[in-house]
Structure formats: structure tokens, C-alpha cells
Amino acid sequence: ATSFTQTYASRAEKHANQAARALLETIERKRSNLCVSVDVTKQADFLRIIDVVGPYICLVKTHVDVIEDFDYSVIERLQELSTKHDFQIFEDRKFADIGNTVALQYSSGVHKIAHWSHLTNAHPVPGPSIITGLASVGLPLGRGLLLLAEMSTKGSLATGAYTEEAVRMARASPDFVIGFIAQRRMDGVGLREGESAGDEDFLILTPGVGLDTKGDGMGQQYRTPRQVVLESGCDVIIVGRGIYGKDNGANPDAVRAQAERYREEGWKAYQERIAA
Ligand code: BMP
């Protein structure tokens, strides 16, 4: 069986990277392949939303640089919530510079991402040295990296040969690169003649997920959990505004209801997939 029909639990057993294993185990334990993306600008909104959705998710995705009243105590609260509700953390930093610079951006500055974020991601545009730079910081801490192989936005340039090169870059660093931000399964993509996929198992985390709208008027494109998990073979659905709405999650009951709804849809699609 390919990873398409394998359970999260059986994939966890085989994964060499600690962060990948932890995520897969969390998904299985909580029966949730839902990641919530909490893109709000106030600490209080950020922490309230996470506390409400915590029971229904495997992963919290952050953009900590948008928090206006950021200080390091937000991270400490986030870590407490991660323990309380049993979820992993993914700072969606989208690194895109030379190895030396990304190593500094990952380890240092105000946010010290590597110290608290189990997963982070990078654009493959600089080439393999971006992985070397990030791995020098992240590997000793047991972290995992996702490469942006595709994007959800209209007119994305991350297609075709670019996507294939991203997968080749990942294949060359299996200890640290655990998968992709992408819109579909990537097993075997970009293999050259005579190469085989072996037992590679990339995790696919997929943004651009929404049940009620097709887009946001700024290029975002939404697909349903069923399209993403069952039809495209992705592993984790990433949902932001579909869960916390237009009012920064002011109504906790509404946020909870949406989190339950997306969790349910994502899990149903997975169960159908492994039964295929
Ligand atoms: P929303 O569900 O509200 O559209 O949010 C999607 C989130 O996923 C945002 O945080 C965005 O930065 C991120 N994202 C995306 O939408 N498409 C991509 O291709 C890659 C992303 O990281």
C-alpha cells in the first residue's frame, strides 16, 4: 500500500523524523487531521481561539509576526495550550533566503521560532542551501521542515518543473524535510529515469480549505476537505477564516462549531480514503 491508503498510525511507526512522528501520532490519537491557522493580530484573540479549537485539532499554524502586542509570553501561553489540548505547533514562516540568513531568522530575533515551533516551512526558491541552513538549527532540536511545493493562490508560479525540483530537494534531505505545503500528494513526483520512490512518505499539509466559499477576493482559492483529503490525497487540512470567521473569533460557540465541523469532514474523508 502507498501512503495514500495507509493509516496515520502505521505511517507514524515508520517515520524517522521526530516531528513527523509526533504529528502523525497526534492525528491518530485525536482522530483529527485538522490544522487551524490563527491569523489574528491581538494576543487575546489568538490565545482565546486556540483554547476553543484545541480539542478538535492536531496542529496550530501561526504567523507570529502579525501579532501587534507580541511579547515572548504569548509563546509560553501557546506552549501551555499545546500541552493542555495535545496539539503540535507550526510557524508558517516561509523562509526564502540564503542558508546563513535563514539560520539566523529561525534561531534568533524576537520570535526564536526554532525554540518552540515543531514544524516550519520554506520556499525552495534559493535551492538546497536553504535546507542546509535551517537543518543546522532545527535538526538538533528534533524539528521538521515542509517545503512549499505548490500554493493555493490563483496564478501561483509554483507549478510544473518548480514543483518537481522542490520534491527532488526534499528527497535529498529526508532526515529534516518531512513533506510539503501542496495541493496534492507528491509520492514519486519528479523521479528521474531509473530512480524509484522507495518507501518515501511525504506529509502533505494543505491550505486553501473552506466549506462555504470559493475564494476571498485576494487570490485565495478554497476546496473542500473531501476534495483535499480524498480526491487529492493530502494529509492535513489547514483552515483559517473558515473557523474563526470575520470577527477574529469573537463568538467562541461559533468557532467551536466550525472546528467540530471541519474536523468531522476531514476525518470522514480520511476514513473513506483508507477504505479505498
Ligand atoms: P485562510 O483559510 O483564512 O484562507 O488562511 C490560509 C492560511 O494558509 C494563511 O495563513 C496563509 O498564509 C496560508 N497559506 C495559504 O493560504 N496558501 C498557501 O499556498 C500557503 C499558505 O501557507
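Please read all numbers here as calculations on a predicted model, not as lab measurements.

### Comments concerning the overall build of the protein chain
The helix and strand tally for the protein chain stands at 10 helices and 8 strands. For 276 residues, the compact-globule estimate of 2.2 N^0.38 gives 19 Å, and the protein chain sits close to it at 17 Å. Among the 276 residues that make up the protein chain, the fraction classed as buried is 52%. Considering only contacts within the protein chain whose residues lie at least 6 apart along the sequence, 73% involve residues at least 24 apart. Working note: accessible area of the protein chain is about 11800 Å², and carbon and sulfur atoms make up 52% of it. Here the protein chain contributes 31 positive and 36 negative side-chain charges, whose respective centroids are spaced 2 Å apart.

### Describing the site of the ligand
Asp39, Lys94, Ser152, Tyr222 and Arg241 are the nearest of the 15 residues found near the ligand. One of the side-chain N or O atoms of Lys94 is found 2.6 Å from an oxygen atom in the ligand. Side-chain polar atom of Tyr222 to an oxygen atom of the ligand: 2.6 Å apart, as the coordinates give it. Among the residues making up the shell around the ligand, the classes are represented as 5 nonpolar, 5 polar and 5 charged.

### Looking at the environment of Trp116
Along the chain, the position of Trp116 falls in the loop between α5 (99–107) and β4 (119–122). In this structure Trp116 comes out as buried when scored by relative accessible area, which is 2%. Distance in space between the C-alpha atoms of Trp116 and Phe90 is 9.0 Å, their sequence separation being 26 residues. Not counting chain neighbours up to four residues away, the residues in contact with Trp116 comprise Thr62, Val64, Tyr72, Ile75, Leu78, Gln79, Ile89, Glu91, His111 and Arg143.

### Description of unusual backbone geometry
For Arg31, which is not glycine, the phi torsion reads 50° and is therefore positive. With respect to the element layout, Arg31 can be found in the loop between α2 (18–30) and β1 (34–38).

### Describing the UniProt feature "domain: Orotidine 5'-phosphate decarboxylase" (unreviewed entry) in the protein chain
UniProt tags residues 33–262 as "domain: Orotidine 5'-phosphate decarboxylase" (unreviewed entry). In residues 33–262, the share of helix is 33% and the share of strand is 17%. The end C-alpha atoms are 9 Å apart.

### What about the packing of aromatic side chains?
On inspection of all chains with the given rule, the structure shows 5 aromatic pairs. When the centroid spacing of 4.9 Å and the interplanar angle of 65° are considered together, the rings of Phe180 and Phe202 count as edge-to-face. Placement of Phe180 in strand β6 (residues 177–181) and of Phe202 in the loop between β6 and β7 (203–206) is noted, with a sequence separation of 22 residues between them. In terms of burial, Phe180 and Phe202 fall into one category: buried. One aromatic cluster is present, built from ring pairs that chain together Tyr8, Trp267 and Tyr270. Here Arg261 stacks its cationic end above the ring of Tyr262, 5.9 Å away from the centre of that ring. Sitting above the plane of the Phe4 ring, Arg273 keeps its charged end 5.1 Å from the centroid.

### Regarding the side chain of Ser152
Residue placement: Ser152 occurs in the loop between β5 (144–148) and α7 (160–171). Given a relative accessible area of 10%, Ser152 falls into the buried group. Polar side-chain contacts of Ser152 include one of 2.5 Å to the side chain of Gln220. Non-local contacts of Ser152, meaning those with residues more than four positions away in its chain, are made with Gln183, Pro207, Gly208, Gly219, Gln220 and Gln221.

### Re the sheet that holds strand β2 (residues 59–62)
Here 8 strands make up a closed barrel; going around it, the order is β1-β2-β3-β4-β5-β6-β7-β8 and the pairing parallel. Across the sheet, the mean angle from the axis of one strand to that of its neighbour is 30°, orientation sign disregarded. By the bridge criterion, 3 bridges tie strand β3 (residues 88–95) to β4 in an arrangement that is parallel. By the bridge assignment for β4, Phe95 is matched with Ala122. Relative to the sheet, helix α6 (residues 129–138) contacts β3, β4, β5 and β6, its axis offset from that of β5 by approximately 155°.

### So, the pairing of β1
Where burial is concerned, most of β1 is hidden: 5 out of the 5 residues are buried. A two-sided burial pattern is seen for β1, the buried positions comprising Leu34, Val36 and Val38 on one face and Cys35 and Ser37 on the other. Examined bridge by bridge, β1 and β2 share 4 bridges and lie parallel to one another. The residue bridging Val38 from the neighbouring strand is Thr62, located in β2. Where the polypeptide runs from β1 across helix α3 (residues 43–53) and back to β2, its parallel neighbour, the crossover connection is right-handed.

Quick notes on the rules
- Residues numbered from 1 in each chain as written.
- Predicted model: local features only at pLDDT ≥ 70, side-chain atom pairs only at ≥ 80, totals over all residues.
- Heavy atoms only, no water.
- Helix = DSSP H or I, 4+ residues; strand = E, 2+ residues; numbered from the N terminus.
- Rg over C-alpha atoms; globule rule 2.2 N^0.38 Å.
- Buried < 20%, exposed > 50% of the residue type's maximum accessible area, 1.4 Å probe, protein only.
- Contact = heavy atoms within 4.5 Å.
- Areas by Shrake-Rupley, 256 points an atom, 1.4 Å probe, with all protein chains shown as cover.
- Lys, Arg positive; Asp, Glu negative; His and termini not counted.
- Charge placed at Lys NZ, Arg CZ, Asp CG, Glu CD.
- Near = heavy atom within 4 Å.
- Polar contact = N/O pair within 3.5 Å; in protein donor to acceptor, adjacent residues only side chain to side chain.
- Nonpolar A, V, L, I, M, F, W, Y, C, P; charged D, E, K, R; others polar.
- UniProt positions renumbered as here; feature names shortened; annotations may be inferred.
- Phe/Tyr/Trp six-rings, centres within 6.5 Å; stacked < 30°, edge-to-face > 60°.
- Lys NZ or Arg CZ within 6 Å of the ring centre and 35° of its normal.
- Pairing = 2+ DSSP bridges.
- Axes fitted to C-alpha atoms, helices over the stretch in contact; angles between N-to-C directions.
- Right-handed = clockwise from strand over helix to strand, strands pointing away.

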